[in-house]
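Coordinate analysis (summary)
Each chain is listed here by its residues.
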Amino acid sequence: MTHSLTILGIESSCDDSAAAVLRGTSGAADVLSSVVEGQTSLHAAFGGVVPEIAARAHAERLDGCVKQALAQAGLTLPDLDAIAVTAGPGLIGGVMSGVALAKGLSAGSGKPLIGVNHLAGHALTPRLTDGAQFPYLMLLVSGGHCQFLLVRGPADFTRLGGTIDDAPGEAFDKTARLLGLPQPGGPSVEAEAATGLASRFRLPRPLLDRAGCDLSFSGLKTALLRTRDNLVAEKGGLTRQDRADLCAGFQAAVADVLAEKARRAMALYMESAPQTPTLAVAGGVAANQAIRACLETVSAEFGAQCLTPPLDLCTDNAAMIAYAGLELFEAGQQDDLTLVARPRWPLDSASPAMLGSGKKGAKA
Ligand code: KG4
Ligand code: ZN
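Just so it is clear, the model here is predicted, and its values are computed rather than measured.

Glancing now at the sheet that holds strand E3 (residues 28-38). The mixed open sheet is built from 5 strands, whose spatial order is E3-E2-E1-E4-E5. Two strands close off the open sheet at either side, each with one partner strand: E3 and strand E5 (113-117). Across the sheet, the mean angle separating the axes of adjacent strands is 20° when strand polarity is ignored. As paired strands, strand E1 (residues 5-11) and strand E4 (residues 82-88) are joined by 4 bridges and run parallel to one another. Across the sheet, the residue bridging to Ile7 is Ala82, located in E4.

Within the structure, ligand 1 sits among 20 residues, and Gly143, Asp173, Gly186, Glu190 and Gly284 are positioned closest to it. Measuring from an oxygen atom of ligand 1, one finds a backbone N or O atom of Gly169 at 3.1 Å. Gly284 is positioned such that a nitrogen or oxygen atom in its backbone is 2.9 Å from an oxygen atom of ligand 1. Relative to its free-state accessible area of 550 Å², ligand 1 is covered by the protein chains to the extent of 90%. Put simply, the parts of the chain that give the shell around ligand 1 at least two residues each are helix H5 (168-178) and helix H6 (185-193). Among the residues forming the shell around ligand 1, the class breakdown is 5 nonpolar, 10 polar and 5 charged.

Here the focus is the domain arrangement of the protein. Split into domains, the protein comes out as domain 1 (5-125 + 314-362) and domain 2 (132-312). The C-alpha centroid of domain 2 is placed 26 Å from the C-alpha centroid of domain 1. Taken residue by residue, the interface counts 23 residues in domain 1 and 32 residues in domain 2. Approximately 2300 Å² of surface area, both sides summed, lies buried where domain 1 meets domain 2, with 62% of it carried by carbon and sulfur atoms. At the junction of domain 1 with domain 2, the criterion picks out 0 salt bridges.

To continue, consider the packing of H6 against helix H8 (residues 240-270). The geometry of H6 relative to H8 is characterised by a closest axis approach of 7 Å and an angle of 110° between their N-to-C directions. The orientation of H6 with respect to H8, classified from their angle, is roughly perpendicular. Pair H6 / H8 crosses with left-handed handedness. For the pair H6 and H8, contact is made by Val189, Glu190, Glu192 and Ala193 and by Arg240, Arg243, Ala244, Cys247, Ala248, Phe250 and Gln251, respectively. Of the residues in the contact of H6 with H8, the class split is 6 nonpolar, 1 polar and 4 charged.

Helix-helix packing is characterised by the crossing angle of the two axes and by the distance between the axes. Packing of H5 against helix H7 (residues 218-235) brings their axes to within 10 Å, and their N-to-C directions diverge by 10°. On the basis of their axis angle, the class for H5 and H7 is roughly parallel. In this structure, H5 crosses over H7, and the sense of that crossing is right-handed. Contact residues: Lys174, Thr175 and Leu178 in H5; Lys221, Leu224, Leu225 and Arg228 in H7. Class assignment of the residues belonging to the contact of H5 with H7 gives a composition of 3 nonpolar, 1 polar and 3 charged.

Conventions and cut-offs
Residues numbered from 1 in each chain as written. Chains lettered and ligands numbered in written order. Predicted model: local features only at pLDDT ≥ 70, side-chain atom pairs only at ≥ 80, totals over all residues. Heavy atoms only, no water. Pairing = 2+ DSSP bridges. Helix = DSSP H or I, 4+ residues; strand = E, 2+ residues; numbered from the N terminus. Axes fitted to C-alpha atoms, helices over the stretch in contact; angles between N-to-C directions. Near = heavy atom within 4 Å. Polar contact = N/O pair within 3.5 Å; in protein donor to acceptor, adjacent residues only side chain to side chain. Areas by Shrake-Rupley, 256 points an atom, 1.4 Å probe, with all protein chains shown as cover. Nonpolar A, V, L, I, M, F, W, Y, C, P; charged D, E, K, R; others polar. Domains from an automatic or database assignment. Contact = heavy atoms within 4.5 Å. Buried area = accessible area lost by both parts, 1.4 Å probe. Salt bridge = Lys/Arg side-chain N within 4 Å of Asp/Glu carboxyl O. Parallel < 35°, antiparallel > 145°, perpendicular 65-115°, else oblique. Left-handed = near helix turned anticlockwise from the far one by under 90°.

This is how it looks when you write it as structure tokens:
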């Protein structure tokens, strides 16, 4: 039996300063504490994450998050087996804050240091929450990420496709901005869509006519802008119903695109003859009920289970970094003080680099 490990995780790649402590083994670990300090209010006036503000906030807050996480777990540094930290991809100033803190803690305590890819943290979360068996198909869908990953092991990922421009969460946020709805846009657009008629405006389903699993959302956003402007030009403004119908149409288009591309990714994944066919979904957009329902339908078509981790572990957090660190440490990976922050760090170095960079940083 594998020896139980206690790991501290640190995350600072975007606009959440986070620390967590986790104990256990791969596929069977408990989150002892998970502290996440968001920065939404710091960036609210600017309509997006400002990298310099984010970096400063991480530098000021991360050590407090670590202290809190250790205190909530009832542990001190000597109780740890290792320190895992997000070393990329993300906004470089924030990642550097986390890496510098982790190096300091490691040097001071003599505990091993493990640099974790933020995307690996997301991609391995279904093993932490549901003990998902390798290989599984992962859809990462948030404000900064959108990709299908074939996950075969803690450091074995194949990207089957991803967005060539915006991430869906980003598109939800922009849609909300265009319609005067509050941020973050996902929940407000979803709430408006509940009373809207999706079929009133026929918005495009970008890239469905192209083979493969790549996705695009910027054309959809432009189509929404044009439809809104036409309505305003015709009637002098938008009614509540116009807004709801636009939200419903937009959400249905995103759901259709994600479902069809998930279908193609599932078909590729099923060729690996998995014992427990699984489609796992993570990222803030996984909170959307309509999108979730479409992905559940697609999984069922293939006789696969659909796993959506609880939202606090789906969105950015440090427990996922601690967990990925645990799997890597078990597999013998360890870094030293030469660890550097990497703004871009594709999980799958064999796949061509992706285009574009979301408002929340590089998509890798
Ligand atoms: O994973 P996350 O918290 O942060 C990163 O982007 O890394 O995802 C946040 C994104 C935002 O763009 C937000 O608008 C979107 O997830 N989101 C949603 C919903 N809840 C959050 N999008 C659609 N429907 C939702 N219910
Ligand atoms: Zn993330």
